[in-house]
Amino acid sequence: MHRGLLAVMAIMCAPCVGWAILADAGSAGSDMASASPLAVQASARPLTLKASPNPAIAGQQIMLSGTLAGVRGGATVTLWGRQATQRQYRFSKSTKTGPHGGFKFTMRPRAIFTNRYWYVTARGLRSGTVFEKVEFNMTVGASDTIPPPGFLPKTEKNANSYSSALTVSVAPIHKIKHVVVIMQENRSFDSYFGTYPGADGINLATPPCVPDPLHGNAPVCAFLDHADSNSGGPHSQNNATADLNCSNFATRSGCQMNRFVGQAQTAANCGTNPTNPNCSPCISTTAGACNDVMGIHDGSDIPNYWNYAKAFVLQDHMFEPNASWSLPQHLFQVSEWSANCTNPFNAFSCRNALQNPNSNSGTTSNPNQGQLRYAWTDMTYLLHKSGISWGYYVFKGNEPDCENDAAMSCSPVQQGPQTPGIWNPLPAFTDVSQNRQLGNIQTLSNFFTAAHNGSLPGVSWIDPNATVSEHPPALVSAGQTYVTGLVNAIMQGPDWSSTAIFLSWDDWGGFYDHVVPPSVDQNGYGLRVPGILISPYARSGYIDHQTLSHDAYNKFIEDDFLGGQRLNPATDGRPDPRPGVREANPNLGDVTNEF
């Protein structure tokens, strides 16, 4: 197994919060088990090595080739290798460079059956480590002496009824035994990755501009914003509609994507106290007070996020599943619907509610304590029914969004493992209580323990607190450090070799994005948000341009663990009146292409 593809070290300092990232830029698969982090930082090597094909099928002929720069020929190149289970590299073979410094090694058929690490040495130089992934191809066939269990051999008695050979292959998706969904808050794709090379972003040399209604519709153009704390804008259903500014919102036609500043100017705020972290500083009539919705962060602001994208997969057409705010998004995240129910024990009392589903937190000063609200079926019902373990991990602290979704800031709501706030809706689902699964909603410290012990559940959802959520005005750096700590804990634990991490942001937070979201039904999609896949099986450096939403994460979970069962009222055994099967929508891409 490929372990330690990326080692990210979170460094805490006082009074600041810092981070650093160490990666082997010289090879797609770094062998962190045999080299210190500092030993693999070199990006340009005079001695190179690559394997082809990679991945290979067990027993397939493999070619290892490379170049020794600065020589014309005749130099000795030595190949070293080890199996994934071995600690020491062993001599494999030697060869001579050709006229231009090139060399190659051919591993004959039926010589390599397991994953290997390779590197070469020559003239005191060492190449980067190459990880050769070897996939098994198991053929179960008939035997004249001891037939495989369940198969009939070809004998005189079974001349016409013997078992033919059966080739069993395991797709990468089924190598994933643990899915972790880390959901941060309130950032558009352009605000974090608008200038990322190769992504569907913007050009700050000729930036997009939107009007400033309070100042004669003067143009406000996208700009590089290195501020660690931002204001953002309102992000309710009405704000999503206004930001897109379409001639026909239902069909998403004629959309100008140009009212972000105007919407920020009309948001709720806290009067003349813009330094209060629970208020919006966007309150002044001074030009520029609300312009940070057009601000763009780059790799110097969020280096770990950009390095995750470089080392793994960036999803540049990931959309919020719903065109509204955080509570409906989190309902979609765990159940593929947002509704308002009049009877928590009757799913057919529920009606579609893009903006106003049942509140599960009461008022900001008096949140409820787990009262049942949601009668329709959620993902945990399918997981529990199939015996798949799950956990929803809550970071104790302040709730990271506002009960009043159109406000850019609000008073904090205390949040704990059993508090069904807008970021923690599962305690209010009737089926979670009926299945006696409330204990799976637990404190984040339990996640770190499980990651360390190699006991991660099949599916994990992770909920931040206000400080680390990246919800304005929370510090971007604090959120990145927190996420880095989560990823580090997984990478350094026993389950990393069978884990897929999906990192995303729940909604656009009022920040600018230039891509018009597609219309798939009455609820969405919402605006574009960042999405990243982190896994040892991820296609390194790949940008996925498929149309995706957070529904794709549930689709992956269903395909990996549930044999493709969807949250479908006709087939899941617990019907409800949801308007459609989101995971089966033909507009939705498939993240298995990212492995």
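Residues numbered from 1 in each chain as written. Predicted model: local features only at pLDDT ≥ 70, side-chain atom pairs only at ≥ 80, totals over all residues. Heavy atoms only, no water.

Description of the sheet that holds strand β31 (residues 542–544)
Thought 1: The mixed open sheet is built from eight strands, whose spatial order is β27-β24-β28-β15-β29-β30-β20-β31. In this open sheet, the two strands that pair with only one neighbour each are β27 (441–443) and β31. Ignoring strand direction, the axes of neighbouring strands in this sheet form an average angle of 20 degrees.
Thought 2: Along the sheet face, helix α5 (residues 326–335) touches β15 (178–184), β24 (390–394) and β28 (459–463) and points at about 175 degrees away from the line of β15. (Pairing = 2+ DSSP bridges. Helix = DSSP H or I, 4+ residues; strand = E, 2+ residues; numbered from the N terminus. Axes fitted to C-alpha atoms, helices over the stretch in contact; angles between N-to-C directions. Contact = heavy atoms within 4.5 Å.)

Regarding helix α2 (residues 237–244)
Thought 1: Looking only at α2, the buried set comprises N239, A240, A242, D243 and L244.
Thought 2: On the buried face of α2, the contacting elements are α3 (260–265).
Thought 3: Taken from the residues just after α2, N245 is the one with a positive phi, measuring 50 degrees. (Buried < 20%, exposed > 50% of the residue type's maximum accessible area, 1.4 Å probe, protein only.)

Some details on the packing of helix α8 (residues 444–453) against helix α9 (residues 476–491)
Thought 1: It is the contact of α8 with α9, at a shortest axis distance of 8 Å, that shows an interaxial angle of 35 degrees. In the crossing of α8 with α9, the sense of the turn from one axis to the other is left-handed. Here L444, F447, F448 and A451 of α8 lie close against α9, whose contacting residues are Y482, G485, L486, A489 and I490.
Thought 2: A breakdown of the residues in the contact of α8 with α9 according to their chemical character gives eight nonpolar, one polar and no charged. (Left-handed = near helix turned anticlockwise from the far one by under 90°. Nonpolar A, V, L, I, M, F, W, Y, C, P; charged D, E, K, R; others polar.)

Some details on the sheet that holds strand β8 (residues 102–107)
Thought 1: Strand order in this open sheet of three strands is β3-β5-β8, and the pairing throughout is antiparallel. Two strands close off the open sheet at either side, each with one partner strand: β3 (50–52) and β8. Each adjacent strand pair in this sheet contributes to an overall mean axis angle of 20 degrees, direction not counted.
Thought 2: Bridge count for β3 against strand β5 (residues 62–67) is three bridges, and the pairing is antiparallel. Among the inter-strand pairings, A51 is bridged to a residue of β5, identified as L64.

Thoughts on the pattern of salt bridges
Thought 1: For the coordinates displayed, the defined rule picks out seven salt bridges.
Thought 2: With its nearest N and O atoms 2.9 Å apart, the salt bridge here joins R566 to D559.
Thought 3: On the basis of relative accessible area, D559 is assigned to the buried category, the value being 18%.
Thought 4: When the shortest N-O distance is used, the salt bridge between R578 and D576 registers 2.9 Å. Each member of the pair, R578 as well as D576, is classed as buried.
Thought 5: Through salt bridges with shared partners, a single ionic network connects D190, D513 and R528. (Salt bridge = Lys/Arg side-chain N within 4 Å of Asp/Glu carboxyl O.)

Side note on the state of the cysteines
Thought 1: Enumeration over the complete set of coordinates arrives at three disulfides.
Thought 2: Linked covalently through their sulfurs, C209 and C221 form a disulfide whose S-S length is 1.9 Å. Its torsion about the S-S bond being 90 degrees, the disulfide of C209 and C221 is classed as right-handed. Of the two residues, C209 sits in strand β16 (residues 209–212) while C221 sits in strand β17 (residues 218–221), which places them 12 residues apart along the sequence.
Thought 3: For C221, a relative accessible area of 28% puts it in the partly exposed group.
Thought 4: With its sulfur 2.0 Å from that of its partner, C341 forms a disulfide with C350. When the S-S torsion is 100 degrees, as for the bridge of C341 with C350, the disulfide is right-handed. Each member of the pair, C341 together with C350, is buried. (Disulfide = S-S within 2.5 Å.)

Some points on unusual backbone geometry
Peptide bonds are, in most cases, trans, and in most cases residues other than glycine have a negative phi.
Thought 1: In this structure, P55 follows N54 across a cis peptide bond, with omega equal to 10 degrees.
Thought 2: Among the secondary structure elements, P55 is positioned in the loop between β3 and β4 (56–57).
Thought 3: Between G524 and Y525 the backbone carries a cis peptide bond, its omega angle lying at 10 degrees.
Thought 4: Note that Y525 resides in the loop between β29 (499–505) and β30 (531–534).
Thought 5: The backbone phi angle of N217 is positive, close to 60 degrees, even though this residue is not glycine.

Observations regarding the side chain of D506
Thought 1: With respect to the helices and strands, D506 occurs in the loop between β29 and β30.
Thought 2: Among buried charged residues, D506 stands out as having no salt bridge; its nearest opposite-charge side chain is R187, 8.9 Å away.
Thought 3: Engagement of the side chain of D506 in a polar contact is seen with the backbone nitrogen of N186, the distance being 3.2 Å.
Thought 4: Side-chain polar atoms of D506 contact the side chain of S326, separated by 2.7 Å.
Thought 5: Setting aside anything within four residues of it in sequence, one finds D506 in contact with M183, Q184, E185, N186, E320, S326, Q329, H330, W423, V529 and H550. (Lys, Arg positive; Asp, Glu negative; His and termini not counted. Polar contact = N/O pair within 3.5 Å; in protein donor to acceptor, adjacent residues only side chain to side chain.)

Points about the side chain of N186
Thought 1: Within the secondary structure, N186 sits in the loop between β15 and α1 (189–193).
Thought 2: Of note is the side chain of N186, whose polar atom sits 3.5 Å from the side chain of H471.

Digging into the pairing of β30
Every other side chain in a regular strand lies on the same face of the sheet, so the side chains alternate between the two faces.
Thought 1: Going residue by residue along β30, you find G531 and L533 tucked away on one face and I532 and I534 tucked away on the opposite face as well.
Thought 2: In terms of strand pairing, strand β20 (residues 313–315) meets β30 through three bridges, oriented antiparallel. Among the inter-strand pairings, Q315 is bridged to a residue of β30, identified as G531.
Thought 3: Here β29 pairs with β30 via four bridges, running antiparallel. The residue of β30 that forms the bridge with F502 is L533.

What about helix α4 (residues 303–311)?
Thought 1: Of all nine residues making up α4, seven are buried, and the element is well covered by its neighbours.
Thought 2: Listing the buried residues of α4 in full gives P303, N304, Y305, W306, Y308, A309 and A311.

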